[in-house]
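# Fold and contact review
For reference, the chains in residue letters:
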Amino acid sequence: MADIFTKAERSAVMARIRGTGNRATELRLIALMRTHGITGWRRGSRLPVRPDFVFGTRRLAVFVDGCFWHGCPRHYARPKSRRAFWDAKIAANRARDRKVARELRARGWTVLRIWEHALRPALAARTLARLRRAGAP
């Protein structure tokens, strides 16, 4: 079926759609932290950047990165179509991740990035250990 919009109109429509984050992945980390008694975290911080979780008193910012959207070295599957677009998109996401981490570290925060695949039950103990080493209670 042909698109009813021109390319420019379709682009404008799509640009107005806002993402809601990686909700399912974040919920898995919430469940893991609650199960193992990790407390003191908040979502929706007032920092100039938006970590997924913030341990304010410990100045720890936690990001949960999706394997596809952030280019996981183990699980990223490069799409077969529009490769140039996706290569640029993932590269820009990774560059933004580095910039955000630098900004937070410059403000005295510890930054922890957790891959989506690290929330699987088989890797939960390792992920919890990383959280605790980074300063989570």
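The rules we used
- Residues numbered from 1 in each chain as written.
- Predicted model: local features only at pLDDT ≥ 70, side-chain atom pairs only at ≥ 80, totals over all residues.
- Heavy atoms only, no water.
- Helix = DSSP H or I, 4+ residues; strand = E, 2+ residues; numbered from the N terminus.
- Contact = heavy atoms within 4.5 Å.
- Areas by Shrake-Rupley, 256 points an atom, 1.4 Å probe, with all protein chains shown as cover.
- Lys, Arg positive; Asp, Glu negative; His and termini not counted.
- Charge placed at Lys NZ, Arg CZ, Asp CG, Glu CD.
- Buried < 20%, exposed > 50% of the residue type's maximum accessible area, 1.4 Å probe, protein only.
- Salt bridge = Lys/Arg side-chain N within 4 Å of Asp/Glu carboxyl O.
- Phe/Tyr/Trp six-rings, centres within 6.5 Å; stacked < 30°, edge-to-face > 60°.
- Core = buried A, V, L, I, M, F, W, Y, C linked by side-chain atoms within 4.5 Å.
- Disulfide = S-S within 2.5 Å.
- Arc of directions from axis to C-beta.

### What about the overall build of the chain?
Scanning the chain from N- to C-terminus turns up four helices and three strands. Counting helices and strands in the order they occur from the N terminus, the chain gives α-α-β-β-α-β-α. Across its three principal directions, the C-alpha atoms of the chain cover 55 × 35 × 20 Å. Relative to all contacts within the chain whose residues are 6 or more apart in sequence, the contacts with residues 24 or more apart total 56%. When the accessible surface of the chain is summed, it comes to about 9,200 Å², and 55% of that surface belongs to carbon and sulfur atoms. Distance between charge centres in the chain, computed from 32 positive and 9 negative side chains, equals 7 Å.

### Describing the environment of Ala106
Note that Ala106 resides in helix H3 (residues 83-106). Residue classification places Ala106 among the exposed positions, given a relative accessible area of 70%. Ala106 sits 81 residues away from Thr25 along the chain, and the two C-alpha atoms are 27 Å apart.

### With respect to the pattern of salt bridges
Tallied over the entire structure, the rule returns seven salt bridges. Between Arg28 and Glu116 there is a salt bridge, with the nearest N and O atoms lying 3.6 Å from each other. Note that Arg28 is positioned in helix H2 (residues 23-35) and Glu116 in the loop between strand E3 (110-115) and helix H4 (124-134), a separation of 88 residues in sequence. Given a relative accessible area of 36%, Arg28 falls into the partly exposed group.

### Examining the packing of aromatic side chains
For the structure shown, the criterion picks out six aromatic pairs. Aromatic side chains Phe68 and Trp86 sit 5.4 Å apart centroid to centroid with 65° between the ring planes, which places their arrangement in the edge-to-face category. Of this pair, Phe68 sits in the loop between strand E2 (60-65) and H3 while Trp86 sits in helix H3; the two residues are 18 residues apart in sequence, bridging distant segments of the chain. Judged by its relative accessible area of 18%, Trp86 falls in the buried class. Aromatic side chains Phe85 and Trp86 sit 5.0 Å apart centroid to centroid with 80° between the ring planes, which places their arrangement in the edge-to-face category. Relative accessible area serves as the criterion here: at 37%, Phe85 is assigned to the partly exposed category.

### Overview of the nonpolar core
In this structure, Leu29, Val62 and Leu131 are the most contacted members of the largest nonpolar core, which totals 20 residues. Once residues lying within four places of it in the same chain are set aside, the contact partners of Leu131 are Leu29, Met33, Ile38, Leu60, Val62, Leu112, Ile114 and Ala136. Counting ten residues, the second largest nonpolar core, distinct from the first, contains Val49, Leu104, Trp109 and Val111.

### Observations concerning the state of the cysteines
If you walk through the whole model with that rule in mind, you get zero disulfides. Considering cysteine sulfurs only, Cys72 is the nearest to Cys67, which forms no disulfide, with 3.9 Å between them. Residue classification places Cys67 among the buried positions, given a relative accessible area of 7%.

### Remarks on H4
Taken together, the buried positions of H4 are Ala124, Thr127, Leu128, Leu131 and Ala134. For H4, the angular spread of buried residues about the axis comes to 125°, placing them on one side. Facing away from the buried side of H4 by more than 90 degrees, the exposed set consists of Ala125, Arg126 and Arg133. Turning to H4, the residues buried within the fold contact H2, E2 and E3. At the exit of H4 stands Gly135, carrying a positive phi of roughly 125°.

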